[in-house]
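# Fold and contact review
Listed here are the chains, written in short residue letters.
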Amino acid sequence: MVGAWLLFYAVSSAARRPDVGGQAYRLLALVGAQIAAGVLNLLLLAPVWMQIVHLLLADLLWIALVLFSAATLKFQPRAADPSSHEMGMDSASRLRHGAGPPAPPAAG
């Protein structure tokens, strides 16, 4: 179930934030490798070396998840309001400085 949640989280985050797409695919690859290692661990009746590989993948997956989560939370500046370019201010700055909302375009 955690693997399914990570799949959903990575795909939906990458769809919203294209700049984290590479990290999302790295996370998904590690989830797949971890599941494959777990199945192999069961099939081989859990030899010590396979348990170590499975734990190594778990650590790498955790590190990738933390880095991916941090990247998705990184501040991404928004584009400025196009109507406020003539004064060099965004909408919040215009209101803070008393300029009021932008005027509607002139009909004509």
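Here is a short report on the structure shown in this document. Note that the coordinates shown come from a computational prediction; the quantities given were computed from them, not determined experimentally. (Residues numbered from 1 in each chain as written. Predicted model: local features only at pLDDT ≥ 70, side-chain atom pairs only at ≥ 80, totals over all residues. Heavy atoms only, no water.)

### Comments concerning the environment of Ala24
Topologically, Ala24 is positioned in helix 2 (residues 21-43). Assessed through its relative accessible area of 2%, Ala24 is described here as buried. (Helix = DSSP H or I, 4+ residues; strand = E, 2+ residues; numbered from the N terminus. Buried < 20%, exposed > 50% of the residue type's maximum accessible area, 1.4 Å probe, protein only.)

### What about the packing of helix 1 (residues 2-16) against helix 2?
Following both chains from N to C, one finds helix 1 and helix 2 inclined at 165°, their axes separated by 9 Å at the closest point. Considering the angle they form, helix 1 stands roughly antiparallel to helix 2. As helix 1 packs across helix 2, the resulting crossing turns out to be left-handed. Of the residues in helix 2, those in contact with Gly3, Leu6, Leu7, Ala10, Val11 and Ala14 of helix 1 are Gly21, Ala24, Leu27, Leu28 and Val31. Taken together, the residues that form the contact of helix 1 with helix 2 break down as nine nonpolar, two polar and no charged. (Axes fitted to C-alpha atoms, helices over the stretch in contact; angles between N-to-C directions. Parallel < 35°, antiparallel > 145°, perpendicular 65-115°, else oblique. Left-handed = near helix turned anticlockwise from the far one by under 90°. Contact = heavy atoms within 4.5 Å. Nonpolar A, V, L, I, M, F, W, Y, C, P; charged D, E, K, R; others polar.)

### A few points about the nonpolar core
The biggest cluster of nonpolar side chains holds 17 residues, and the ones touching the most others in it are Leu27, Leu61 and Phe68. For this core, the secondary structure elements donating two or more residues are helix 1, helix 2 and helix 3 (48-73). (Core = buried A, V, L, I, M, F, W, Y, C linked by side-chain atoms within 4.5 Å.)

### Overview of the packing of helix 2 against helix 3
Where helix 2 meets helix 3, the closest approach of the two axes is 9 Å, and the angle between their N-to-C directions is 160°. Considering the angle they form, helix 2 stands roughly antiparallel to helix 3. Judged by the sense of rotation from one axis to the other, the crossing of helix 2 with helix 3 is left-handed. Contact with helix 2, carried on its side by Gln23, Ala24, Leu27, Leu30, Val31, Ala33, Gln34, Ala37, Gly38, Leu40 and Asn41, involves Met50, Gln51, His54, Leu57, Ala58, Leu60, Leu61, Ala64, Leu65, Leu67, Phe68 and Ala71 of helix 3 and no other residues of that element. Looking at the contact of helix 2 with helix 3 residue by residue, the class counts come to 17 nonpolar, six polar and no charged.

### What about the pattern of salt bridges?
Evaluated as defined, the whole model comprises one salt bridge. Arg17 is the salt-bridge partner of Asp19, the closest N and O atoms lying 3.0 Å from each other. Classification of Asp19 by relative accessible area gives partly exposed; the value is 45%. Of the residues examined, Arg17 reaches a relative accessible area of 10% and is grouped as buried. (Salt bridge = Lys/Arg side-chain N within 4 Å of Asp/Glu carboxyl O.)

### Some words on helix 3
Helix length check: helix 3 (26 residues) gives 38 Å between terminal C-alpha atoms against 38 Å at 1.5 Å per residue, within 8%. Those residues of helix 3 that sit buried are Met50, Leu57, Leu61, Ala64, Leu65, Phe68, Ala71 and Thr72. On the buried face of helix 3, the contacting elements are helix 1 and helix 2. (Expected span 1.5 Å × (residues − 1).)

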